[in-house]
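# Secondary and tertiary structure notes
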Amino acid sequence: SSGINAEWPLRPGGGLTSGKEVMEGLSKLEETDADFYKFLQQNDPELLNFSGDDSEDLSEDDDSDVEAEEDSQSDENEEKTTEENDEEIVEEEEENIPAEPAASTSTPITKQLLKKWELDLKRNSLPSWRQLCKAFQAAVVTAKGGDTEEELKYTIIDPDMVNKVIMLSLGCTCEVLKHHLGDNPTSSPKWAKVKMSLKSYLTSLTELLSLLTSNDVLCAVMRHCKAMLPYYAAFSRLIKKYVKEHIMVWGSKAELSRVVAFTCLQAVVRKIPTFLEDLLKKMYVEYTKCSKMMSPKSRDVILLMRNCLLEMFKINPSVTYTTGFLYIRQLAVTLRSVIVNKKDVETVYNWQFVNCLHVWVGVLAECDACLNPLIFPLIQVMMGVLKLHNSPCFFPLHLHTMRMLLHLASQTNKHIPLIHPLLGVLEFCVVLHKSPATKPIDLTCVLRVTKGYKKTKAYQDGVFDLVYELLLNYTSQLTASISFPEVSFPISVWLKKFNKRCNNPKYTSQVRVVLDKMEVVARDVSVRRSSVSFSPKDLDLVTQWESELPESALAKYFGNWLKIHRSVQAKEEENAAEENSEDEEEEKVEEEEESSPKKKKKSKTKLKSEKGASEVSEELSESKAVVLNGTKKKEKVPTATLR
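Each chain carries its own residue numbering, running from 1 in the direction its sequence is written. pLDDT decides what is reported in this predicted model: residues at 70 or higher carry local features, side-chain atom pairs at 80 or more are listed and counted, and totals for whole chains, interfaces and linings draw on all residues regardless. Only hydrogens and water are set aside; all other atoms, that is, all heavy atoms of the structure, feed into the side-chain values.

### Details of the overall build of the protein chain
From N to C terminus, the protein chain includes 26 helices and 2 strands. A 1.4 Å probe rolled over the protein chains alone gives each residue an accessible area, and that area as a share of the maximum for its type sets the label: buried under 20%, exposed over 50%, partly exposed in between. Burial analysis of the protein chain (643 residues in total) assigns 40% to the buried set. In the protein chain, once contacts between residues fewer than 6 apart in sequence are set aside, the share between residues at least 24 apart is 71%. Total accessible area on the protein chain is roughly 37,900 Å²; 52% of this is exposed by carbon and sulfur atoms. Counting from the N terminus, the helices are the DSSP runs of H or I reaching at least four residues and the strands are the DSSP runs of E reaching at least two. Only heavy atoms enter the contact rule, under which two residues are in contact if any of them lie within 4.5 Å. Per-residue and other accessible areas were derived by the Shrake-Rupley procedure at a 1.4 Å probe size, with only the shown protein chains allowed to occlude residues.

Below you can see the structure in the form of structure tokens.
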């Protein structure tokens, strides 16, 4: 057998060679292996008488066997491919995903098709919901202007149909998905079938937020987005788009829309707690963008955004600490660069910087114990702002900063030495300005005034009112201290000097009231502490004694004064608003009177033709307009039903 293996010629493919080669191999066998040759002569002589015809028959038999095996393998492969194709077709039929032809045309959405979907969706039909998702995508593309690179299955010609498709989608999607996916969408066995259609729907829904202009419709869509939040959470990119769009609404739309957007952002944090830090940074940046200017109209909006930020910062104190450390340090670096490099003070003396300070004062005023290390750096930044420029033109900004410091001191039970900045501003009111009468401005919305206006009596009166309020606030906080007689002594000395030098009886009379109240409180505290048995080093006993003090006469006076002052301010604001509305009405009347002679010159025929043309143009515009903002009176589908 070894000789056969060594000398027997084989085909390249593994078969035998031709008959001549076989005969040559048998003839050589006698020389190479004589014993085996004798064995063949005795047992199988026919093999030694082998001819070429027999070998050809053998090779043909081998070839036929190989071809038969190849045919059987190909048949099996064909059967497997046909079975796989059949399975794919069955899966496509089960998922109701029709094969798209090479050159397909979009199907227009009709009322009959929409009614059919509506009836199917009442039975929570998943195939009909998939088709509705494609129609919803077409509706959003139509509202956007119809520009898209994707090939849409449906088209919308009638503008009213856009509203109907959107309303049907918003009304039925949550119920269908909850029926098929349950509370945990990603763990549902039907998730693979729904995933792609759901992703397309959520993408179009997010794009829809940037297209809406009506606050009612926008709020309705945002509430629907909030209900769809468990499905947004399954897609990391879509949840980021969700946050981005809602932050844009929170920073740019009407008050109601801002509130609804904020509730949606709160829901994101509840659903995904790890998203809080990134969300806080984005909201803070949006707040800084929107707070660059301050006016009586924008003041309420900025205050609303600030309160929303404060609510978000209360959620997790540890995350608040890292974020606060980052941005308070940023404020300190900005201030230091102005001081060291002697840059323009407007880098710091602007509303954006001041409003950022307002945020962190509000955060630390109601802070957790872990945020206490941030209080001192923030106080240092604000004290640096006060010392940066002492010009009377910047007194409004100084008063804003001192008001924030007093608020922080009262809430955190910290003593901040503000008597020198307060008395420095009050010194400005010693010399009476006798400039021509000018209209007073609201200093609460101003950071600086011009050099000409700072010499006016209106500015002096406004500065005195503000600094007098802060002085009352500061001294009333000091009355809760056991050391008030010693602390109030230098303040009373300076105020007496102010009364001697000031020629304005209005200012001196108000300062005299403060002096009288301070003397009463100082005597009362001295009498009370004369009977104590502890020393100043017993801090716990000192704190307990201070907490038992009743409300002082100065604190009561400050509370009553503040109520009266605010009521007077509210009446002045109402009067100013009425005057502005009257001025606007007078301007409108004047414009109408100016334009009336031109209208009279036109002939009646031209007026009729213009009226007819305007009516036609209005009808055309109503037929072409996409009614998404809910401002059309002849709207067939009321936007209120979106709620």
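Picking up after the structure, the text goes on.
### Here we look at the pattern of salt bridges
Here, a salt bridge means any side-chain nitrogen of Lys or Arg that lies within 4 Å of a carboxyl oxygen of Asp or Glu. Scanning the entire structure with this criterion turns up 15 salt bridges. Close ionic contact of Glu-346 with Arg-448 constitutes a salt bridge, the shortest N to O distance being 3.4 Å. Linking Glu-346 in the loop between α16 (317-341) and α17 (351-365) with Arg-448 in the loop between α20 (419-427) and α21 (457-478), this pair joins segments that are 102 residues apart in sequence. One continuous salt-bridge network, built from bridges that share partners, spans Lys-116, Asp-120 and Arg-123.

### Observations concerning the packing of aromatic side chains
Aromatic rings from Phe, Tyr and Trp, taking only the six-membered ring of Trp, are treated as a pair when their centres fall within 6.5 Å; an angle between ring planes under 30 degrees marks them as stacked, one over 60 as edge-to-face, and anything in between as tilted. Tallied over the full model, the rule gives 18 aromatic pairs. Between Trp-129 and Tyr-201, the ring centres sit 6.5 Å apart and the planes meet at 55°, which makes this aromatic pair tilted. With a gap of 72 residues between them, Trp-129 in helix α7 (residues 126-144) and Tyr-201 in helix α9 (residues 191-209) connect regions that are remote in the sequence. Look at Phe-313 and Trp-360: their rings are 5.0 Å apart centre to centre, the planes differ by 50°, and that puts the pair in the tilted class. With Phe-313 in helix α15 (residues 299-313) and Trp-360 in helix α17, this pair connects stretches of sequence that are 47 residues apart.

### Focus: unusual backbone geometry
Of note, Asn-124 is a non-glycine position whose phi angle comes to about 60°, a positive value. Tracing the backbone through its elements, the reader meets Asn-124 in the loop between α6 (111-122) and α7. Since its relative accessible area comes to 18%, Asn-124 is described here as buried.

### Thoughts on the environment of Ser-509
Structurally, the position occupied by Ser-509 is in helix α23 (residues 505-529). Remark: the alpha-carbon pair of Ser-509 and Asn-499, spanning 10 residues in sequence, is separated by 8.5 Å.

### What to know about the nonpolar core
Most often, soluble globular proteins have nonpolar side chains that are buried together. To qualify as a nonpolar core, a set must consist of buried Ala, Val, Leu, Ile, Met, Phe, Trp, Tyr and Cys residues joined through side-chain atoms within 4.5 Å. Counting residues in hydrophobic clusters, the biggest one holds 170 residues, and the most contacted among them are Leu-198, Tyr-232, Trp-360, Leu-418 and Leu-495. Of all the elements, α21 adds the most residues to this core, at 12 residues.

### Quick word on helix α10 (residues 215-227)
By this rule the span expected of a helix is its residue count minus one, scaled by 1.5 Å. Helix length check: α10 (13 residues) gives 18 Å between terminal C-alpha atoms against 18 Å at 1.5 Å per residue, within 8%. Of all the positions in α10, only Val-217, Leu-218, Cys-219, Ala-220, Val-221, Met-222, His-224 and Cys-225 are classed as buried. Tucked inside the fold, the buried residues of α10 contact α8 (159-181), α9, α11 (229-232), α12 (236-252) and α13 (255-271).

### Regarding the packing of α20 against helix α22 (residues 484-501)
Relative orientation of the contacting elements α20 and α22 amounts to 5°, with a least axis distance of 12 Å. As summarised for this structure, α20 and α22 are arranged roughly parallel, according to the angle between their axes. On α22, the residues touching Ile-419, Leu-423, Leu-426 and Glu-427 of α20 are Ile-491, Trp-494, Leu-495, Phe-498 and Arg-501. Convention adopted: a line fitted to C-alpha atoms gives each axis, helices being fitted over their contacting stretch, and angles between N-to-C directions are expressed from 0 to 180 degrees. Reported orientations rely on four angle classes, namely roughly parallel under 35 degrees, roughly antiparallel over 145, roughly perpendicular from 65 to 115, and oblique for the rest.

### What to know about the state of the cysteines
In this description, the term disulfide denotes a pair of cysteine sulfurs within 2.5 Å. Taken as a whole and judged by the stated rule, the model has 0 disulfides. In this model Cys-172 remains outside any disulfide bridge; the closest cysteine sulfur is found in Cys-174, 9.9 Å from its own.

### Concerning the packing of helix α18 (residues 375-388) against helix α19 (residues 395-412)
Where α18 meets α19, the closest approach of the two axes is 9 Å, and the angle between their N-to-C directions is 155°. As far as their axial angle goes, α19 and α18 are roughly antiparallel. Where α18 crosses over α19, the two elements pack in a sense that is left-handed. Touching Ile-375, Leu-378, Ile-379, Met-382, Met-383, Val-385 and Leu-386 of α18 are Leu-397, His-398, Thr-401, Met-402, Met-404, Leu-405, Leu-408 and Thr-412, all from α19. Following the grouping adopted for this structure description, the nonpolar residues are Ala, Val, Leu, Ile, Met, Phe, Trp, Tyr, Cys and Pro, the charged ones are Asp, Glu, Lys and Arg, and the polar ones are all others, Gly among them. Its residues assigned to classes, the contact of α18 with α19 shows 12 nonpolar, 3 polar and no charged. The crossing is said to be left-handed when, going from far helix to near helix, the turn is anticlockwise and less than a right angle, and right-handed when the turn is clockwise.

### Concerning a positive patch on the surface
Patch members must show over 30% relative accessible area and no salt bridge, and they are joined within 9 Å when carrying like charges or within 5 Å when they are nonpolar side chains of Val, Leu, Ile, Met, Phe, Trp or Tyr. Within this scheme the basic residues Lys and Arg register as positive and the acidic residues Asp and Glu register as negative, but His and the chain ends are omitted. A charged residue contributes its charge at one atom only: NZ of Lys, CZ of Arg, CG of Asp or CD of Glu. Among the surface-exposed residues, Lys-195, Lys-199, Arg-237, Lys-240, Lys-241 and Lys-244 lie close enough to one another that they form a single positively charged patch. Counting residues per element, the ones that place at least two in the positive patch are α9 and α12. Broken down by element, the positive patch gets its largest block of residues, 4 residues, from α12. Under the relative-accessibility criterion, Lys-244 is labelled exposed at 53%.

### Describing the confidence of the model for the protein chain
A score from 0 to 100, pLDDT tells how confident the predictor is in each residue. Within the protein chain, residue pLDDT values average 80, and 75% of them lie at 70 or more. For the stretch residues 74-104, pLDDT sits under 50, and the model shows 8 contacts to residues farther than four places along the chain or on other chains.

### Some thoughts on the environment of Leu-447
Along the chain, the position of Leu-447 falls in the loop between α20 and α21. In this structure the C-alpha to C-alpha distance between Leu-447 and Tyr-349, which are 98 residues apart in sequence, comes to 7.4 Å. Apart from residues lying up to four places away in sequence, Leu-447 is in contact with Tyr-349, Asn-350, Trp-351, Val-354, Cys-393, Phe-394, Pro-396, Leu-397 and His-400.

### Considering α19
Across its 18 residues, α19 extends 26 Å between first and last C-alpha, which sits within 8% of the 26 Å expected from 1.5 Å per residue. The buried fraction of α19 is high, at 14 of 18 residues. Looking one or two places after α19, you find Asn-413, whose phi comes out positive at around 60°.

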